[in-house]
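Examining the three-dimensional arrangement
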Amino acid sequence: MSGYVGILVSDPWLQNQFTQVELRSLKSHFMTMRRESGKLTLNDLASRMSRLKVVGENLTEEERASCIQDLYKNLDEEVDFEFFLKVYLKLHAHASARTGSVAKNSSAFLKAATTTLLHTISESEKASYVAHINNYLAEDKFLKQYLPIDPATNDLFEIVKDGVLLCKLINLAVPGTIDERAINTKRVLNPWERNENHTLCLNSAKAIGCTVVNIGTQDFIEGRRHLVVGLISQIIKIQLLADLNLKKTPQLVELVQDSQEAEELMSLPPEKILLRWMNFQLKKSPFKKTVTNFSSDVKDAEAYAHLLNVLAPECSNPSTLTVKEALARAKLVLEHADRMGCKRYLTAKDIVEGSPNLNLAFVAHVFQHRNGLSTKTTQISFLETLPDDTQISREERAFRLWMNSLGNSSYIDNVFEDLRNGWLLLETLDKVSPGIVNWKIANRPPIKLPFRKVENCNQVVKIGKQLKFSLVNIAGNDIVQGNKKLILAYLWQLMRYNILQLLKNLRFHSHGKEINDADILQWANGRVSSSGGQARMNSFKDKSLSDGIFFLELLSAVQPRAVNWSLVTKGITDEEKKMNATYIISIARKLGCSIFLLPEDLTEVNQKMILTLTASIMYWHLKQPSEEKPAAGTSDSETVSNSTLDDSASESSLEDTANL
């Protein structure tokens, strides 16, 4: 446990109940609650804790109040941070005992193992993920010396300590995310090099959609098993669901009747598309139920038996549908899957126990190998009528990943759909500018009445105007209606405001004055020039930036050992420009910048993404202790995010921003 945690909590028992990042997150929540009410008493906690995961989602305010009244007599007693943590743990235990699970929606693969304070892992899941790693990375030149991993041991948690395995796994899930030239792959890495790999891994994981709010680099160094398994499960899920969209698998259009339904399908998260595909295939069988989840609805293995019979009747066993006992049926289902070449990720025991992660992985694997969809071009012609919104989808992706990195109460799969009730926008505004939201008039989901959604979105627009956003002709109803152009315009201004505020909050540099785009531009040019660089950026839309040389010189200026110039191209051809762009993004993430742009944003000089990249590098550099500049900033306290201060170095910055 680091000294930083000791500053937050002096009680050794409490220190052992939380990871470092969990403590920082809860400290930030505590500071926000105390700021809102002046002081915080036991009587306030029932309502104030509504925003916390688990205790907020699984207990009503009345249940929280009743539990606190049973535990404590003097409800007017003022609560300090350690007392707050003890109350939180008691409510957490009560919520878990009442629901029989760690958290509401515990089947949600993306959140499963990374937000729990009950630090246990499923050995079955661990074994399944180890088998996945052994299968997919067996031929990797660097990792082959460590593979195969024995699932019966804890070797997995030792191997991840240098960060290489997780970086390689991310590239398996979303090829090209990490430029492997940026990974430190020596046989023996020093602590700085290991930490750089972990920083690169975490920032890249965020950039592909993983939820890593409760994970820090120190957790990998210490081999915290539940956090390692939680992150690996998310990465593997992203890999397995990668084809569940119309772009990768146009045959999915068979699931819809017209172009309007096709657009609706495109907005669904991949898990929902997988369920829709499964039910589409099950309609071809005598099975009459609708599968709504990958847990309780598949525990009896009947749905699987019918699904596999539809997809591969030549491999079926008549006994599968006649056997009475669920475990026996599950075993026959897996024998059928084995004959199809799809027996992977789960055992018969996992099926009957309803393991959501492993069942999802199994169905996704079946989809990859035998989806049973038609390849008729007449149906696929629907896709030709859909608009090609490449730029919109790129921006939507960047803003979605940024918002998810903040640790909101719900995971966002599509900003045009998931923000329409206004609640997640209010949560994001509260993180970017703590205390700015009037929660007394906010309507918490689920919201059935349309005008309640409009009320939330009206407050979103009102706050935007308060923050001096340009919101001409934007009304709350535009967000409720899912107006893409206006939603993207709002989110860009919110993201830009966030990074400018983070820079402003570094008061020892800005003296509290407002930071604007011109200041960032001037800083970047000044750093490059003072270090002897020849490149210059005239504006954030300067087309000469497409070769990447300016940003390589900037990264080298703030950290001389960051760039290996022997790996840099001249940036003349499109291929050379892309190679430089992927290298720049990985180096920036390796330093500690949490950025969400794609190589295309650099090569095409996307003004918005160029600004966020430059500002993130500036923020990282200014956070480094003056005596270390421009040396490496690779400790946990120096990992930087352009969206949150979850890894920030001081308690005062947490109090200033309360961004978690």
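Cut-offs applied
- Residues numbered from 1 in each chain as written.
- Predicted model: local features only at pLDDT ≥ 70, side-chain atom pairs only at ≥ 80, totals over all residues.
- Heavy atoms only, no water.
- UniProt positions renumbered as here; feature names shortened; annotations may be inferred.
- Helix = DSSP H or I, 4+ residues; strand = E, 2+ residues; numbered from the N terminus.
- Contact = heavy atoms within 4.5 Å.
- Areas by Shrake-Rupley, 256 points an atom, 1.4 Å probe, with all protein chains shown as cover.
- Phe/Tyr/Trp six-rings, centres within 6.5 Å; stacked < 30°, edge-to-face > 60°.
- Lys NZ or Arg CZ within 6 Å of the ring centre and 35° of its normal.
- Salt bridge = Lys/Arg side-chain N within 4 Å of Asp/Glu carboxyl O.
- Buried < 20%, exposed > 50% of the residue type's maximum accessible area, 1.4 Å probe, protein only.
- Expected span 1.5 Å × (residues − 1).
- Axes fitted to C-alpha atoms, helices over the stretch in contact; angles between N-to-C directions.
- Parallel < 35°, antiparallel > 145°, perpendicular 65-115°, else oblique.
- Left-handed = near helix turned anticlockwise from the far one by under 90°.
- Nonpolar A, V, L, I, M, F, W, Y, C, P; charged D, E, K, R; others polar.
- pLDDT = per-residue confidence, 0-100.
- Core = buried A, V, L, I, M, F, W, Y, C linked by side-chain atoms within 4.5 Å.

The name given to the chain in an unreviewed UniProt entry is Calponin-homology (CH) domain-containing protein, with the source organism recorded as Linum tenue. Reading the Subunit (unreviewed entry) entry of the UniProt record for the chain gives the comment "Interacts with F-actin." We quote the UniProt Subcellular location (unreviewed entry) comment for the chain here in full: "Cytoplasm, Cytoskeleton".

Each helix and strand counted, the chain has 34 helices and 0 strands in total. Put simply, 63% of the contacts in the chain that link residues at least 6 apart link residues at least 24 apart. Accessible surface computed for the chain: about 27300 Å², of which carbon and sulfur atoms make up 50%.

By the definition in use, this model includes 11 aromatic pairs. One aromatic cluster in this structure is built from Phe-30, Phe-81 and Phe-84. One residue, Arg-181, lies across the ring of Tyr-583, its end atom 4.9 Å from the ring centre.

Next up on the list: the pattern of salt bridges. The final tally for this structure, using the stated rule, is 21 salt bridges. For Glu-123, the salt bridge identified is with Lys-126, shortest N-O distance 3.3 Å. Of this pair, Glu-123 and Lys-126 both sit in helix α8 (residues 123–136), 3 residues apart, roughly one helical turn. Relative accessible area serves as the criterion here: at 2%, Lys-126 is assigned to the buried category. Ionic pairing is found between Lys-608 and Glu-395, a salt bridge with its closest N-O pair at 3.4 Å. Of this pair, Lys-608 sits in helix α33 (residues 607–623) while Glu-395 sits in helix α22 (residues 390–405), and the two are 213 residues apart along the sequence. According to the relative accessible area criterion, Lys-608 is partly exposed, its value standing at 24%. Under the relative-accessibility criterion, Glu-395 is labelled buried at 10%. Counted as one network, the salt bridges with shared partners bring together Glu-123, Lys-126 and Arg-225.

The element helix α10 (residues 164–173) is extensively covered by neighbouring structure, given that 9 of its 10 residues are classed as buried. Within α10 the residues assigned to the buried category are Val-164, Leu-165, Leu-166, Cys-167, Lys-168, Leu-169, Ile-170, Asn-171 and Ala-173.

With that out of the way, let us pick up the environment of Glu-78. Note that Glu-78 resides in the loop between α6 (61–71) and α7 (81–99). The exposure class assigned to Glu-78 is partly exposed, which follows from its relative accessible area of 48%. A C-alpha to C-alpha distance of 5.7 Å links Glu-78 and Leu-40, two positions 38 residues apart in sequence. For Glu-78, the contacting residues outside a window of four places in its chain are Lys-39, Leu-40, Thr-41 and Phe-83.

Glancing now at helix α25 (residues 450–466). Structural remark: α-helix, 3.6 residues per turn; residues separated by three or four positions point the same way. Between its first and last C-alpha atoms α25 spans 25 Å; for 17 residues at 1.5 Å apiece the expected length is 24 Å, and the two agree. Asn-456, Cys-457, Gln-459, Val-460, Val-461, Ile-463 and Gly-464 are the residues of α25 that are buried. Buried residues along α25 sit against α24 (423–432), α26 (476–480) and α27 (484–505).

With that settled, the discussion passes to the packing of α10 against helix α11 (residues 191–207). The description of two packed helices rests on the angle between their axes and on the distance between the axes. Where α10 contacts α11, the two axes come as close as 9 Å, and the packing angle between them is 25°. Compared by their axis directions, α10 and α11 come out roughly parallel. As for the relative orientation of α10 and α11, their crossing is left-handed in sense. On α11, the residues that touch Val-164, Leu-166, Cys-167 and Ile-170 of α10 are Asn-197, Leu-200, Cys-201, Ser-204 and Ala-205. Counted by class, the contact of α10 with α11 contains 7 nonpolar, 2 polar and no charged residues.

A few words now on the environment of His-621. With respect to the element layout, His-621 can be found in helix α33. In the structure, His-621 is positioned 63 residues away from Val-558 in sequence and 6.2 Å away in space, judged by C-alpha atoms.

Here the focus is the packing of α8 against helix α20 (residues 356–369). Following both chains from N to C, one finds α8 and α20 inclined at 30°, their axes separated by 10 Å at the closest point. Relative to α20, the element α8 is oriented roughly parallel. Contacts between α8 and α20 involve Ser-124, Glu-125, Ser-128, Tyr-129 and Tyr-136 on the former and, on the latter, Asn-357, Leu-358 and Gln-368. For the contact of α8 with α20, the per-class residue count stands at 3 nonpolar, 4 polar and 1 charged.

The peptide bond linking Leu-147 to Pro-148 adopts the cis configuration, its omega dihedral lying at 0°. A cis amide bond links Pro-445 with the next residue in sequence, Pro-446, at an omega value of 0°. Topologically, Pro-446 is positioned in the loop between α24 and α25. The phi dihedral of Asn-473 falls on the positive side, at around 65°, and the residue is not glycine. Its location among the elements puts Asn-473 in the loop between α25 and α26. Given the relative accessible area of 70%, Asn-473 is considered exposed. At Val-605, a position not held by glycine, the phi torsion is positive, near 55°. Relative to the helices and strands, Val-605 resides in the loop between α32 (599–603) and α33.

So, on to the confidence of the model for the chain. Low-pLDDT portions of the prediction should not be read for the details of their coordinates. Averaged over every residue, the pLDDT of the chain is 83; residues scoring 70 or more account for 84%. Every residue in residues 1–7 is under pLDDT 50, and counting partners more than four places away or in other chains gives 17 contacts. Low pLDDT (under 50) marks residues 630–660, which in the prediction has 128 contacts with non-local residues, meaning those over four places away or in another chain.

Time to look at the nonpolar core. In terms of nonpolar packing, the biggest core is built from 171 residues, with Leu-231, Leu-274, Trp-277, Met-278 and Phe-551 touching the most fellow members. Excluding residues within four positions of it along the chain, Leu-274 makes contact with Leu-241, Leu-244, Phe-294, Leu-360, Val-363, Ala-364 and Phe-367.

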